[in-house]
Structures are given as structure tokens and as C-alpha cells.
Amino acid sequence: MLLPLFDPERVFDVCHVGVVLRAVLGVQGLLALGLALASRDLATWMQSMASGTVVTMSAVLAWLLLVCSARRQLARLPPIWQWLLLMSLGALCALLGWELLSLASDEPSSAFRVLSIGLAGAATAGQLLAWLKQRERAQRPADAMAKLVELQARIRPHFLFNTLNSAIALVRLDPQKAEGLLEDLSELFRVALADATAVVSLDAEIELARRYLDIEQVRFGERLRIHWRLDPAAGAAKVPPLLLQPLVENAVRHGVEPNEAGGEVEISTRRLGSEVEICVLNTVGLPAQTSGHGLALRNVRQRLRLMHDVAARFELNREPTRFSVRIVLPR
């Protein structure tokens, strides 16, 4: 089932390492610049930074944690209420950070100081919210372009020609098998032309890869040897559509097609705590008749980065007798 990729809830899904790191570094950078303007020398600046960091770090981390915990409820609010609520939450977190500093020091708590800290917290929260919304909007055209590149790279004329030829050859010998092959081809095209703004489960991607490999099995017969090693606990992970199919197509094109003896393709999934690992491996023999340009691999890497930022890892491993792609992403 396709789900909206640009779900409003994703704006507030801030409990990823990349988002937290950028938010903390951004706020600390602003603090450092502001205190530098008000400090007369380096020693004063460092002392002020030490005190200010207690407030900003505790406030930012508390704000991110609360936003992440309430992301479903926040996504359902009208935009004006999102701004008011999160800016008020920013002011409250900043004041709590100030109270934490006051417990460990003798910093005076005048009305002006409390008001300025509350306003600074609200303004910082507003900047963070604006960044999160802009970050989500910025993903849309990039993902659409990635989808277009993927579509152009994936649906090659020779693939369609070979698949239809396989179906024609089967019509007289095995009509039922020919019908199944055409159904698989129809499903591949349906997904390829579906809404680009969607996410799918890993189970759905596995099913699509099976259909593609079923088509290629008709074409290559015993030359294509497929091994599945699937962990049912990993199937619910959310991934961009057409994540797995280009990888298995590459494996067939470069590991099986150019070799008379064919080759092996292995697809495995594993749940590793709060992460899911996906591996596609193929044996290597002769080089492919036409060299690829790496479009599919770059496309997969880009879409993973857009969806999961630095929380996802994409690794290639080239060995003399085999080539593998390993993806690790949040569950």
C-alpha cells in the first residue's frame, strides 16, 4: 500500500541524529556569535558560553524531545496553532534551562532577564520550526526529480522488448505462465507510474522485487539462481518506492546477463534493534555488455538521504567474485 511520503507528521519527526545535530549546532552557533558581540575579551566570552550552553542545550534537547513525542498531535493542528504552541514551548524550555543554571550558580533572575530568555526561546523555536517546514518542502522537488531519473533509468526499451518476447514464446507452450508474466509486468509499470509522493513497506518492495525476478527467471531460466533470506520482523520498515527493484535489476544485469553460466542473486533483510538491514548481493563474472552509469545506485542513495538523512547508511562492497549493496535504515 502506498502512503504519502510528505505526510505532515514528518515535519515534526525530529528524533533523528541528523536533525538533532543540526539543531544543536545551529543554536550553539547563534549563541556563540551573540555572546561574542557582547563580550570584551576571549575569557569573558568563554565564561558566558559555559553558562549559556547549560541553558541552550537543555532547552533545545527538551524541545526536540517533546516535539518528537507529540508529532502526531502537532500534525493535526492548524498551522497558526502549531506556531503558537511550539514557540510557547520554546519559551518554557528556555526558562526551565535558565532555572537549571540558577540552581548551579548565582546568576541574578531579574524580570528583564527572565523576559529576554523567554523571548529568545520563543524566537529560536520559531526559527527551528521554520527550518523543519522548509526542510520538508525542499524534499519534494528533489524527490520528484529523483523519481524521474529512476523511471528513465529503470524502464529500458530492451527490458520491455525481452519481457514481451518471453510472454509471446510462452503463449502457445504455457498460456497460464504467460498470463502470470504479463501480470508481473503490469504491476511493475503500475508502481513505476504511481504517485511519486509515497512511501511503502519493505514487504511491498520485496513483493515487487519478486515479480521482477519472476520475469527475469523466465528469460534466463537456470542461469538465474535466486536466494531469499528474509526476516519477517523487518517487513514493516518504511522505504521510498522502487528502492529494492533497481538494485536487483543491477544485480541481474551485471551479475547474470553477461555470463554463460549465469550467476547468483541474494536478497536478505534483518532487523537489528531499532534498525533494518537490507542486502542485495550478486556474483561477478564477465563484465556487462553495456557499462552502467551508476544512476540507479545514486538514485537510491539520494532518496534514502532525503527520507532518513544521516540515520540511513548506504554501502557498496566490491570483491573479485561478488558485488553487494548494504542499506541500514531506521525501522
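Residues numbered from 1 in each chain as written. Predicted model: local features only at pLDDT ≥ 70, side-chain atom pairs only at ≥ 80, totals over all residues. Heavy atoms only, no water.

What am I meant to see in the overall build of the protein chain here?
Scanning the protein chain from terminus to terminus reveals 10 helices and eight strands. By the burial criterion, 42% of the 331 residues in the protein chain qualify as buried. Pairs at least 24 apart in sequence give 76% of the contacts found in the protein chain among residues at least 6 apart. Entry remark: accessible area of the protein chain is about 17500 Å², with carbon and sulfur atoms responsible for 62%. (Helix = DSSP H or I, 4+ residues; strand = E, 2+ residues; numbered from the N terminus. Buried < 20%, exposed > 50% of the residue type's maximum accessible area, 1.4 Å probe, protein only. Contact = heavy atoms within 4.5 Å. Areas by Shrake-Rupley, 256 points an atom, 1.4 Å probe, with all protein chains shown as cover.)

Explain the packing of helix α1 (residues 17-38) against helix α2 (residues 42-69) to me, please; I cannot follow it from the model alone.
For any two helices packed against each other, the geometry comes down to the angle between their axes and how far apart the axes lie. Here α1 crosses α2 at 150°, and the two axes come no closer than 10 Å. It follows that α1 is roughly antiparallel to α2 by the angle criterion. Of the two possible hands of crossing, α1 and α2 adopt the one that is right-handed. Contacts from Val 20, Ala 23, Val 24, Val 27, Gln 28, Leu 31, Ala 32, Leu 35 and Ala 36 of α1 reach α2 at Trp 45, Ser 48, Met 49, Gly 52, Thr 53, Thr 56, Met 57, Val 60, Leu 61 and Leu 64. Classifying every residue of the contact of α1 with α2 gives 14 nonpolar, five polar and no charged. (Axes fitted to C-alpha atoms, helices over the stretch in contact; angles between N-to-C directions. Parallel < 35°, antiparallel > 145°, perpendicular 65-115°, else oblique. Left-handed = near helix turned anticlockwise from the far one by under 90°. Nonpolar A, V, L, I, M, F, W, Y, C, P; charged D, E, K, R; others polar.)

What should I look at first to understand the side chain of Gln 82 in this one?
Tracing the backbone shows Gln 82 in helix α4 (residues 79-104). By relative accessible area, Gln 82 is classed as buried at 5%. Separated by 3.0 Å, the side chain of Gln 82 and the backbone oxygen of Leu 74 make a polar contact. A polar atom in the side chain of Gln 82 sits 3.1 Å from the backbone oxygen of Leu 77. Setting aside its immediate chain neighbours within four residues, Gln 82 contacts Phe 12, Leu 74, Ala 75, Leu 77, Leu 129 and Lys 133. (Polar contact = N/O pair within 3.5 Å; in protein donor to acceptor, adjacent residues only side chain to side chain.)

Quick question: what am I supposed to make of the nonpolar core here?
General note: in soluble globular proteins, nonpolar side chains tend to be found buried as a group. Ranked by internal contacts, the top residues of the largest apolar core, which has 41 residues, are Leu 244, Val 248, Val 252, Ile 278, Leu 304, Ile 327 and Leu 329. Secondary structure elements with two or more residues in this core: α6 (157-173), α7 (175-192), α8 (202-220), α9 (245-255), β5 (263-272), β6 (275-283), α10 (295-308) and β8 (322-330). Tallying contributions element by element places α8 first for this core, with eight residues. With residues near it in sequence (within four places) discarded, Ile 327 still touches Leu 243, Leu 247, Val 276, Glu 277, Ile 278, Val 300, Leu 304, Arg 313 and Phe 314. Phe 12, Trp 63, Leu 74 and Leu 86 belong to the second largest nonpolar core, which has 22 residues in total. (Core = buried A, V, L, I, M, F, W, Y, C linked by side-chain atoms within 4.5 Å.)

Looking at this model, I keep getting lost on α8. Mind explaining?
Since the α-helix packs 3.6 residues into each turn, any two residues three or four apart lie on the same face. For α8, with 19 residues, the first-to-last C-alpha span of 26 Å sits near the 27 Å given by 1.5 Å per residue. Of all the positions in α8, only Leu 202, Glu 205, Ile 206, Leu 208, Ala 209, Tyr 212, Leu 213, Ile 215, Glu 216 and Phe 220 are classed as buried. The positive-phi residue at the C-terminal boundary of α8 is Gly 221, with phi of around 60°. (Expected span 1.5 Å × (residues − 1).)

Mind showing me how you'd approach the confidence of the model for the protein chain here?
Low pLDDT means the predicted coordinates in that region are not meant to be read closely. Across the protein chain, the average pLDDT comes to 81, with 82% of residues at 70 or higher. Strand β3 (residues 224-229) holds the highest mean pLDDT among the elements of the protein chain, 94, whereas strand β1 (residues 3-4) holds the lowest, 43. Contacts for the low-pLDDT stretch residues 1-6, under 50 throughout, to residues beyond four places or in other chains number 26 contacts. (pLDDT = per-residue confidence, 0-100.)

What am I meant to see in the environment of Ile 215 here?
Take Ile 215: it is sitting in helix α8. The buried category is assigned to Ile 215, whose relative accessible area is 2%. Sequence spacing of Ile 215 and Leu 182 is 33 residues, and the spatial spacing of their C-alpha atoms is 8.6 Å.

When you look at the side chain of Ser 324 in this model, what are you seeing that I'm missing?
Within the secondary structure, Ser 324 is located in strand β8. On the accessibility criterion, Ser 324 (14% relative accessible area) is buried. The contact partners of Ser 324, leaving out residues within four places of it in the chain, are Val 280, Leu 281, Glu 315, Leu 316 and Asn 317.

What exactly am I supposed to notice about the environment of Cys 15 here?
With respect to the helices and strands, the residue Cys 15 is situated in the loop between β1 and α1. Residues Cys 15 and Ala 311, spaced 296 residues apart in sequence, show a C-alpha to C-alpha distance of 9.9 Å. If we ignore the near neighbours within four places in the chain, the residues touching Cys 15 are Leu 64 and Cys 68.

How should I be thinking about the packing of aromatic side chains in this particular structure?
For any two aromatic rings, the description comes down to two numbers: the centre-to-centre distance and the angle of the planes. In the structure shown here, the tally under the stated rule is zero aromatic pairs. Across the ring face of Trp 228, the terminal group of Arg 210 is positioned such that the distance to the ring centre comes to 4.3 Å. (Phe/Tyr/Trp six-rings, centres within 6.5 Å; stacked < 30°, edge-to-face > 60°. Lys NZ or Arg CZ within 6 Å of the ring centre and 35° of its normal.)

Got a minute to help me understand α4 in this structure?
With 26 residues, α4 ought to run about 38 Å at 1.5 Å a step, and its terminal C-alpha atoms sit 38 Å apart, in line with that. Those residues of α4 that sit buried are Gln 82, Leu 86, Leu 89, Gly 90, Ala 91, Cys 93, Ala 94, Gly 97, Trp 98, Leu 101 and Ser 102.

Any chance you could explain the pairing of β6 here in plain terms?
Sheet faces and side chains relate simply in a regular strand, where the side chains alternate between the two faces. Across the nine residues of β6, seven count as buried, placing the element largely inside the fold. As defined by bridge partners, β5 adjoins β6 across eight bridges and the pair is classed as antiparallel. Counterpart to Glu 266 in the pairing with β6 is Leu 281. Between β5 and β6, which pair antiparallel one after the other, the connecting turn spans two residues, and Gly 273 there sits at a positive phi close to 65°. Pairing analysis gives nine bridges linking β6 to β8, with the strands arranged antiparallel. Bridged to Asn 282 within β8 is Phe 323. (Pairing = 2+ DSSP bridges.)

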